Amino acid sequence: MKEKKGIIISGGIIGIISVLLVKLGNPANMGFCIACFIRDISGGLGLHRAEIVQYLRPEIMGLVLGSFIIAFMNKEFRPQGGSSPFIRFVLGITVMIGALMFLGCPLRMVLRLGGGDLNAIFGILGFIVGILIGIFFLNKGFNLKRNYKLSNGEGLLFPIINIFLLILLISAPSFIFFSQEGPGSMYAPIGISLLAGLVVGVLCQRTRLCMVGGIRDFILFKDTYLLLGFVSIFIFCLIGNGSLGYLKVGFLEQPVAFHDGLWNFLGMVLCGLGSVLLGGCPMRQLILSGEGNTDSVITVMGMLIGAAICHNFGLASSPKGPTPNGQIAVIVCLIVVGVIGYIHSEMFVPKKVKGDVKIG
Amino acid sequence: MDRVDTRGMSCPQPVLMTKNAISDDPEKLEILVDNNTAKNNVSRFLKHTGYTFQIKEVDEDFIIYARK
């Protein structure tokens, strides 16, 4: 019960912080969005040149460093990796392509619903379908093989890079891009964004909050623990938006969103499926990266490059709707992820039974 | 006694491997995990399925002794 109380309170704090970040300058319904923020960082570093989405979002650095600090203090900082890294990289790319079709990661999907954006319902339905397909593969023995313990240096590198990104943000050298208009130009003060990231990073590390894990564990094990966090974020975000007058219920003219139900749905099918195969949602990957898990670091790198691919090749949606390139990419990625799921399951490689004798 | 070694496996494999192991309805089961998240997840799952358990920390790993 104490455990459940912890995740409900944490979800509530995350929901409220998300609304406050919007009040302090972040784009509407985007207090937190892991996909959007990694996309903005990708733009800030010049990996893509979409001028309206370029900013080194300190919330991301805060999440990683918050997780790192609390994991280190609790002796849970455990450098590990080597579990199918390149497959994870590719899955990271596909998760980003799915999220930028929908225009949001699973966390923003919940925040969008909490702001009254009913298009998110199609996203949630797609997310559940993606998770169900992922569970099918898990039940067929899907796994990406074991990881191995690594050196402290390997695990420390990503948190150090995040400190370096913060220095780049504050010093703002000319080679770092900053949007002058659009969502990338809308942000809360750096210190507050960083603090928000740190707090949420600590909470997520302690509670293991994971948006995909909530629905996956409920279906797979009838375990409601993580799902409570998911629901709590929604409820408190809804309350926060309601009390600040931000609640705008409907399908049309929602902030940084479009109202094509099919592509909102399919984008999140891809995002949900990829996340299940990766073992966690984009936010969880950042938290694990802070704990020294370099498989998650590789996944985040996949998402970073995925974001660049989305904007360089015209795959990302806009409030006008999805692009034809994006629609083709989502279908291709669904096939790619399906093939990855198949060849890493026992449908493709039957499980060896102990004592089997090979004759011939 | 049945033994499940989940070390090195990422989420949700430790719980999934435990779930598969108890599908044979063993009286006793030993589960090896190598991190707190897996330890908590497997413990919660065992509680739901009616198993009692004890946890022993060995070096950097945990052994969960489950009994029906």
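Coordinates for the structure precede this section.
K.L.:
Please explain the overall build of chain B as it appears in this structure.
P.N.:
Along the backbone of chain B there are two helices and four strands. Across chain B, helices and strands are ordered from the amino to the carboxyl terminus as β-α-β-α-β-β. Expected size for 68 residues packed as a compact globule is a radius of gyration near 11 Å; at 10 Å, chain B falls within 12% of this value. Taken along its principal axes, the extent of the C-alpha atoms in chain B is 30 × 20 × 20 Å. Sorting the 68 residues of chain B into buried and exposed places 51% on the buried side. Intrachain contacts of chain B at a sequence separation of at least 6 include 60% that bridge at least 24 residues. In the structure as shown, chain B presents an accessible area of about 3500 Å², 43% of it carried by carbon and sulfur atoms.

K.L.:
For this particular structure, what's the right way to read the side chain of A:Arg108?
P.N.:
Tracing the sequence through the fold places A:Arg108 in helix α5 (residues 106–114). A distance of 2.9 Å separates the side chain of A:Arg108 from the backbone oxygen of A:Val256, its partner in a polar contact.

K.L.:
Sorry, what's going on with helix α7 (residues 152–171) of chain A here?
P.N.:
Two residues of an α-helix separated by three or four positions point the same way, owing to the 3.6 residues in each turn. All names here are of chain A. Between the first and last C-alpha of α7 there are 28 Å, a value that for 20 residues agrees with the 28 Å anticipated at 1.5 Å per step. At Phe158, α7 is deflected by roughly 30 degrees, the largest bend along its length, and proline Pro159 occurs up to four residues later in sequence. Residues of α7 that are buried include every one of Gly155, Phe158, Pro159, Asn162, Leu165, Leu166, Leu168 and Leu169, and no others.

K.L.:
I tried to follow the state of the cysteines on my own but got confused; where do I start?
P.N.:
Such a bond, covalent and formed between the sulfur atoms of two cysteines, is termed a disulfide. Residue and element names in this part refer to chain A. Under the defined criterion, the tally for this structure stands at one disulfide over all chains. Cys33 shares a disulfide with Cys36; S-S distance 2.5 Å. The sign of the S-S torsion, about 65 degrees, decides the handedness of the disulfide formed by Cys33 and Cys36: right-handed. Residue Cys33 is classed as buried on the basis of its relative accessible area of 0%. On the basis of relative accessible area, Cys36 is assigned to the buried category, the value being 2%. For Cys210, which is in no disulfide, the shortest distance to another cysteine sulfur is to Cys281 and amounts to 4.0 Å. For Cys210, a relative accessible area of 3% puts it in the buried group.

K.L.:
How do you make sense of the pattern of salt bridges when you look at a structure like this?
P.N.:
Between side chains of opposite charge, a pair can form when the charged atoms approach closely. As enumerated under the stated definition, the model contains 15 salt bridges over all chains in all. The salt bridge partner of B:Arg44 is A:Asp223, with a shortest N-O separation of 2.9 Å. With B:Arg44 in helix α2 (residues 36–48) and A:Asp223 in the loop between α9 (211–221) and α10 (225–244), this pair bridges two chains. The pair B:Arg44 / A:Asp223 is uniform in exposure class, with both members buried. Where B:Arg7 meets B:Asp5, a salt bridge forms, and the shortest distance between an N and an O atom there is 2.9 Å. For B:Arg7, a relative accessible area of 29% gives the class partly exposed. Within this structure, A:Lys149, B:Asp5, B:Arg7, B:Glu60 and B:Asp61 form a network of salt bridges that share partners.

K.L.:
Any chance you could explain the nonpolar core here in plain terms?
P.N.:
In summary, soluble globular proteins display a tendency toward joint burial of nonpolar side chains. By size, the foremost hydrophobic cluster in this structure holds 115 residues, and its most contacted members are A:Phe32, A:Ile97, A:Phe127, A:Met211 and B:Ile31. In terms of residue count, helix α4 (residues 85–102) of chain A provides more of this core than any other element does, ten residues in total. Residues in contact with A:Phe127, not counting those within four places in the same chain, are A:Pro106, A:Met109, A:Met211, A:Val212, A:Ile215, A:Phe230, A:Met268, A:Val269 and A:Gly272.

K.L.:
I would appreciate a short explanation of the pairing of strand β4 (residues 61–67) of chain B in the present structure.
P.N.:
For a regular strand, side-chain orientation follows a simple rule: the groups alternate between the two sheet faces. Residues and elements named next belong to chain B. In terms of residue burial, β4 counts as a mostly covered element, since five of its seven residues are buried. Where strand β2 (residues 28–33) lies against β4, six bridges are found, and the strand directions are antiparallel. Within β4, the position partnered with Leu32 by the bridge is Ile63. Pairing analysis gives seven bridges linking strand β3 (residues 52–58) to β4, with the strands arranged antiparallel.

K.L.:
What is the right way to look at the interface of chain B and chain A in this model?
P.N.:
It is common to give the size of an interface as the accessible area lost on bringing the parts into contact. The interface of chain B with chain A comprises 20 residues on the first partner and 21 residues on the second. Summing both partners gives a buried area of about 1800 Å² for chain B against chain A, and 46% of it is carried by carbon and sulfur. Considering only the side of chain B, the residues that lose the most area to chain A are B:Pro12, B:Leu16 and B:Arg44, jointly responsible for 26% of the buried surface there. Taken together, the links from chain B to chain A amount to five salt bridges.

K.L.:
In this structure, what is going on with the pairing of β2(B)? I would like to understand it.
P.N.:
Residue and element names in this part refer to chain B. Counting buried positions along β2 gives five out of six residues, so the element sits mostly inside the fold. Where strand β1 (residues 2–5) lies against β2, four bridges are found, and the strand directions are parallel. Within β2, the residue paired with Arg3 across the bridge is Glu30. In the classification by handedness, the crossover that spans β1, the intervening helix α1 (residues 13–22) and the parallel β2 is right-handed.

About the cut-offs
Residues numbered from 1 in each chain as written. Chains lettered and ligands numbered in written order. Predicted model: local features only at pLDDT ≥ 70, side-chain atom pairs only at ≥ 80, totals over all residues. Heavy atoms only, no water. Helix = DSSP H or I, 4+ residues; strand = E, 2+ residues; numbered from the N terminus. Rg over C-alpha atoms; globule rule 2.2 N^0.38 Å. Buried < 20%, exposed > 50% of the residue type's maximum accessible area, 1.4 Å probe, protein only. Contact = heavy atoms within 4.5 Å. Areas by Shrake-Rupley, 256 points an atom, 1.4 Å probe, with all protein chains shown as cover. Polar contact = N/O pair within 3.5 Å; in protein donor to acceptor, adjacent residues only side chain to side chain. Expected span 1.5 Å × (residues − 1). Bend = angle between axes of the 7 residues up to and from the residue. Disulfide = S-S within 2.5 Å. Salt bridge = Lys/Arg side-chain N within 4 Å of Asp/Glu carboxyl O. Core = buried A, V, L, I, M, F, W, Y, C linked by side-chain atoms within 4.5 Å. Pairing = 2+ DSSP bridges. Buried area = accessible area lost by both parts, 1.4 Å probe. Right-handed = clockwise from strand over helix to strand, strands pointing away.

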